[in-house]
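If you want the building blocks of each chain, they are given just below.
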Amino acid sequence: QVRLMESGGGSVQAGGSTRPSCTSSGGLWQDSMAWFRQPPGKEREAVASIVSDGTESYADPVKGRFTIFRDNDKNTLNLQMTGLKPEDTGVYYCARERYILRPWERLLPNKYEYWGQGTQVTVSS
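Below is a short write-up of the structure.

1. Quick notes on the overall build of the protein
Inference 1: A tally of regular secondary structure across the protein gives zero helices and eleven strands.
Inference 2: Secondary structure elements of the protein, listed N to C terminal, follow the sequence β-β-β-β-β-β-β-β-β-β-β.
Inference 3: For the protein, the C-alpha radius of gyration of 13 Å lies close to 14 Å, the compact-globule estimate for 125 residues.
Inference 4: For the protein, the spread of C-alpha atoms along the three principal axes comes to 40 × 25 × 25 Å.
Inference 5: Within the protein, counting contacts between residues at least 6 apart in sequence, those at least 24 apart form 60% of the total.

2. Quick word on the state of the cysteines
Note: disulfide means a covalent bond formed between the sulfur atoms of two cysteine side chains.
Inference 1: Under the counting rule described, the total for this entry stands at one disulfide.
Inference 2: The disulfide bridge from Cys-22 ends at Cys-94, spanning 2.0 Å between sulfur atoms. A torsion of 50° about the S-S bond marks the disulfide between Cys-22 and Cys-94 as right-handed. Residue Cys-22 is located in strand E3 (residues 21-25), and its partner Cys-94 is located in strand E9 (residues 90-97); the two are separated by 72 residues in the primary sequence. Across the pair, Cys-94 and Cys-22 agree in class, each one buried.

3. Quick word on the packing of aromatic side chains
Inference 1: All chains considered together, the criterion is met by three aromatic pairs.
Inference 2: Taken together, a centroid distance of 5.1 Å and an interplanar angle of 40° make the contact between Phe-36 and Trp-115 tilted. With a gap of 79 residues between them, Phe-36 in strand E4 (residues 32-38) and Trp-115 in strand E10 (residues 114-115) connect regions that are remote in the sequence.
Inference 3: For Phe-36, a relative accessible area of 0% gives the class buried.
Inference 4: Between Tyr-93 and Trp-115 the ring centres are 6.5 Å apart and the planes differ by 75°, which places this aromatic pair in the edge-to-face class. Of the two residues, Tyr-93 is situated in strand E9 and Trp-115 in strand E10; the sequence distance between them amounts to 22 residues.
Inference 5: Residue Trp-115 is classed as partly exposed on the basis of its relative accessible area, which comes to 27%.
Inference 6: Linked through ring pairs, Phe-36, Tyr-93, Tyr-112 and Trp-115 together constitute an aromatic cluster.
Inference 7: In this structure, Arg-44 packs its charged tip against the face of Tyr-93, placed 4.0 Å from the ring centre.

4. Overview of the environment of Glu-87
Inference 1: Along the polypeptide, Glu-87 turns up in the loop between strand E8 (76-81) and E9.
Inference 2: Note: C-alpha distance between Glu-87 and Ser-7 (80 residues apart in sequence) is 20 Å.

The rules we used
Residues numbered from 1 in each chain as written. Predicted model: local features only at pLDDT ≥ 70, side-chain atom pairs only at ≥ 80, totals over all residues. Heavy atoms only, no water. Helix = DSSP H or I, 4+ residues; strand = E, 2+ residues; numbered from the N terminus. Rg over C-alpha atoms; globule rule 2.2 N^0.38 Å. Contact = heavy atoms within 4.5 Å. Disulfide = S-S within 2.5 Å. Buried < 20%, exposed > 50% of the residue type's maximum accessible area, 1.4 Å probe, protein only. Phe/Tyr/Trp six-rings, centres within 6.5 Å; stacked < 30°, edge-to-face > 60°. Lys NZ or Arg CZ within 6 Å of the ring centre and 35° of its normal.

Rendered as structure tokens:
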């Protein structure tokens, strides 16, 4: 069974950096993985995705500031966040799909089968 668990959330000052990680188990790395976030009072939204060939996709608000990458030796998904803004505040979730999603599917939350419990990231100005 695929199991996901996020870590590395917390409180960060605006302009700072942090790097949440997600531990994944339960399958080969021929898959799609992604980070989503849910700001307070809003719906879940895409952050970034990566598939097993290394191709990355980013939502417009984080493009140029965030980098998604995977550590295959540790079976972790990571999100390097820099230049943080208060509007980046939210609960960050990692997600996994067992297949390589089409490019137009990779930032759609309904395409992902497995989800972590989420980790809170709070950016203070």
